[in-house]
Amino acid sequence: MSLWRFQTYRRVGLLGINRRNAEYILGHNPRRLFPLVDDKLATKALCRDHGIRTPDLYGTISAHHEIRDLEKMLAPHDSFVMKPASGAMGNGVLMVLKRRGDSFIRGSGAQLGIRDLRYHASSILSGLYSLGGRVDRALIEARVRVHEVFNDLGEGVPDCRVIVFRGVPVMSMLRLPTQMSDGRANLHQGAIAAGVDITTGTTHHAVHLDRVVSKHPDTGKAVRGIQLPHWDEILRISAMSADMTGLGYLGVDVVIDADEGPMLLELNARPGLSIQIANGGGLTPLLERIEKLDISGSTPKERIAMARSVFAAHRKAALGEDRAT
Ligand SMILES: Nc1ncnc2c1ncn2[C@@H]1O[C@H](COP(=O)(O)OP(=O)(O)O)[C@@H](O)[C@H]1O
Ligand SMILES: [Mg+2]
C-alpha cells in the first residue's frame, strides 16, 4: 500500500479486511451461528419466530423431482422472485414483474416461458449460484413493491444495509439498482451505494462504480438527500437481528415495500467494507466507540438511542479535527 493510501486510511479510519476478519468477525461471530444467515430459508424461519417481516414465501424447491410442481406453485402469482437460498451478490435472483399469456416478463422486459423457469430452478439446485457450488434450494417469494420515495430512482427494489455491532447500528447505506444491475441492488451488479446518516435516515453521499455521484445515472434524479421512510423501524429490525441471531457483527439488509413497509431481506455474517466508501468515512472510529459501551441487558430501543449518540459524538469529533487541520 502506498504511503498516501495508508495515511488516508488512517485519517478517515477505514476498516481493512484483515482487521475486520480477525477482530470483528472471528471475535464476535461464532461459526456455529453462520448457518442461520447463510441460508435465506433459515433466516426467514428465524424472522417468523421473532415477529420480523420478510417477503411472503410462495414455495421452495429442494429436489429436482419437485420442479414438476413449479407451474402449480406459480399459478396463483403474476409476479414473484425466484432465487437461491444460499446465493450472494445478486447471482441467480430472477424477478418476474407480470405475465403476458403464457410468458413471464422480467424486469429487463425479457420474456420467459415456464421451461426457462424450470431450467433456472434446476440451475439453482445444482449449485450454480451458491457459495462453493454446493447443492442448493430454490425459493420463490413475493416481489417487494417499490416505495414511492424511490420513484424515478431506477427500476427495481433498493435495499438498505445496516452494519450492527454488539446490537448497536453503526453505519448504513442505501443501494439503488440501475439498468446495469437489472433491478438488483447489488454493488457487484452495478447498483449505486448511498451513505445514510444513522441519526436521520437521509442519504448524504453516494458512489457508483467507485466514483462519487450526485445523480442517478439512468434518471438524473438526486441520490443525496433521500429520506428513507420508516427509518426507526429499519433501525429496530437491525438491532433486533443481532439479538435474534446472536451475531456480534453483522450486515442487515432491509427492503421497504410500498404497502407493507420494511422487511428483512437477508443477513450477512461477513458484511463487506464498501459501505465505508458509500459513506465517505471509515468504520473504525465508530466501532471503537461502540466497543466501550455497556450494552448489558439493553433493549433494541436503548441501543438505537446509543447508535444515535455515538454517531453524533463521532461527527462532532471529526468536525473538530477538520477545523484543527
Ligand atoms: N422479494 C424480492 N422483491 C424484490 N426485489 C428483490 C426480492 N428479493 C431480492 N430482490 C432484489 O435482488 C437483490 C438481491 O437479492 P438478495 O435476496 O439480497 O440476494 P443476494 O444474497 O444475492 O444479495 C436485492 O437487493 C433486491 O434488489
Ligand atoms: Mg443481497
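Residues numbered from 1 in each chain as written. Chains lettered and ligands numbered in written order. Predicted model: local features only at pLDDT ≥ 70, side-chain atom pairs only at ≥ 80, totals over all residues. Heavy atoms only, no water.

Some points on the domain arrangement of the protein chain
- Here the protein chain is described as being made up of domain 1 (3–52 + 147–324) and domain 2 (57–141).
- Each partner contributes residues to the interface: domain 1 has 12 residues there, and domain 2 has 18 residues.
- Summing both sides of the interface, domain 1 and domain 2 together bury roughly 1,300 Å²; the carbon and sulfur share of this comes to 53%.
- Contact with domain 2 buries surface across domain 1, with Lys40, Leu41 and Lys44 losing the most and accounting together for 40% of the total.
- Here domain 1 is connected to domain 2 by three salt bridges.
- In this structure, Lys44 and Glu141 form a salt bridge, with 2.8 Å as the shortest nitrogen-oxygen distance.
- There are seven residue pairs in polar contact (both at pLDDT 80 or more) connecting domain 1 and domain 2.
- Within the side of domain 1 that touches domain 2, the residues separate by chemical class into two nonpolar, four polar and six charged. (Domains from an automatic or database assignment. Contact = heavy atoms within 4.5 Å. Buried area = accessible area lost by both parts, 1.4 Å probe. Salt bridge = Lys/Arg side-chain N within 4 Å of Asp/Glu carboxyl O. Polar contact = N/O pair within 3.5 Å; in protein donor to acceptor, adjacent residues only side chain to side chain. Nonpolar A, V, L, I, M, F, W, Y, C, P; charged D, E, K, R; others polar.)

Considerations on the sheet that holds strand E10 (residues 203–208)
- Reading across the sheet, the seven strands line up as E11-E10-E9-E8-E7-E12-E13 and stay open at both edges, with antiparallel pairing between neighbours. Only two strands of the sheet have a single neighbouring strand rather than two, namely strand E11 (211–212) and strand E13 (261–268).
- Two strands pair when backbone bridges link them, and strand E7 (residues 159–165) and strand E8 (residues 168–176) are joined in this way by seven bridges, in the antiparallel orientation. Residue pairing for E8: Val164 is matched across the bridge by Pro169.
- This element, helix H7 (residues 231–245), spans E7, E8, strand E9 (192–196), strand E12 (249–257) and E13 of the sheet and lies at about 35° to E13. (Pairing = 2+ DSSP bridges. Helix = DSSP H or I, 4+ residues; strand = E, 2+ residues; numbered from the N terminus. Axes fitted to C-alpha atoms, helices over the stretch in contact; angles between N-to-C directions.)

Notes on the pattern of salt bridges
- Summed over the entire model, instances satisfying the criterion amount to 18 salt bridges.
- With a shortest N-O distance of 3.5 Å, Glu71 and Arg118 are connected by a salt bridge. Taken together, the residues Glu71 in helix H5 (residues 70–74) and Arg118 in helix H6 (residues 114–126) connect sequence positions 47 residues apart.
- Glu71 sits in the partly exposed class, given a relative accessible area of 46%.
- We note a salt bridge from Asp159 to Arg175, for which the minimum N-O separation is 2.8 Å. Of this pair, Asp159 sits in strand E7 while Arg175 sits in strand E8, placing them 16 residues apart in sequence. For the pair Asp159 and Arg175, a shared accessibility class is recorded, and that class is buried.
- Residues joined in a network through salt bridges with shared partners are Asp159, Arg161, Arg175 and Asp253. (Buried < 20%, exposed > 50% of the residue type's maximum accessible area, 1.4 Å probe, protein only.)

Structural notes on the site of ligand 1
- Taken together, 22 residues lie around ligand 1, and Lys40, Lys83, Gly90, Asp159 and Glu266 are the ones closest in.
- Glu141 places a side-chain nitrogen or oxygen 2.8 Å from a nitrogen atom of ligand 1.
- In this structure, ligand 1 is accommodated by the largest cavity.
- Elements with a minimum of two residues in the shell around ligand 1: strand E2 (80–84) and E13.
- Residues that form the shell around ligand 1 fall into these classes: 10 nonpolar, five polar and seven charged.
- Two domains each provide a minimum of three residues to the shell around ligand 1, namely domain 1 (3–52 + 147–324) and domain 2 (57–141). (Near = heavy atom within 4 Å. 1 Å grid on protein atoms, 1.4 Å probe; cavity = no way out; pocket = protein on both sides within 12 Å on 5 of 7 lines; lining within 4 Å. Sits in = over half its atoms within 2 Å of the grid points.)

Topic: the side chain of Gln276
- On the secondary structure map, Gln276 appears in helix H8 (residues 275–279).
- By relative accessible area, which is 3% here, Gln276 ends up buried.
- Among the polar contacts made by the side chain of Gln276, one reaches the main-chain amide nitrogen of Leu283 at a distance of 2.9 Å.
- Those residues in contact with Gln276 that lie beyond four places of it in its chain are Gly13, Leu14, Leu15, Met171, Gly281, Gly282 and Leu283.

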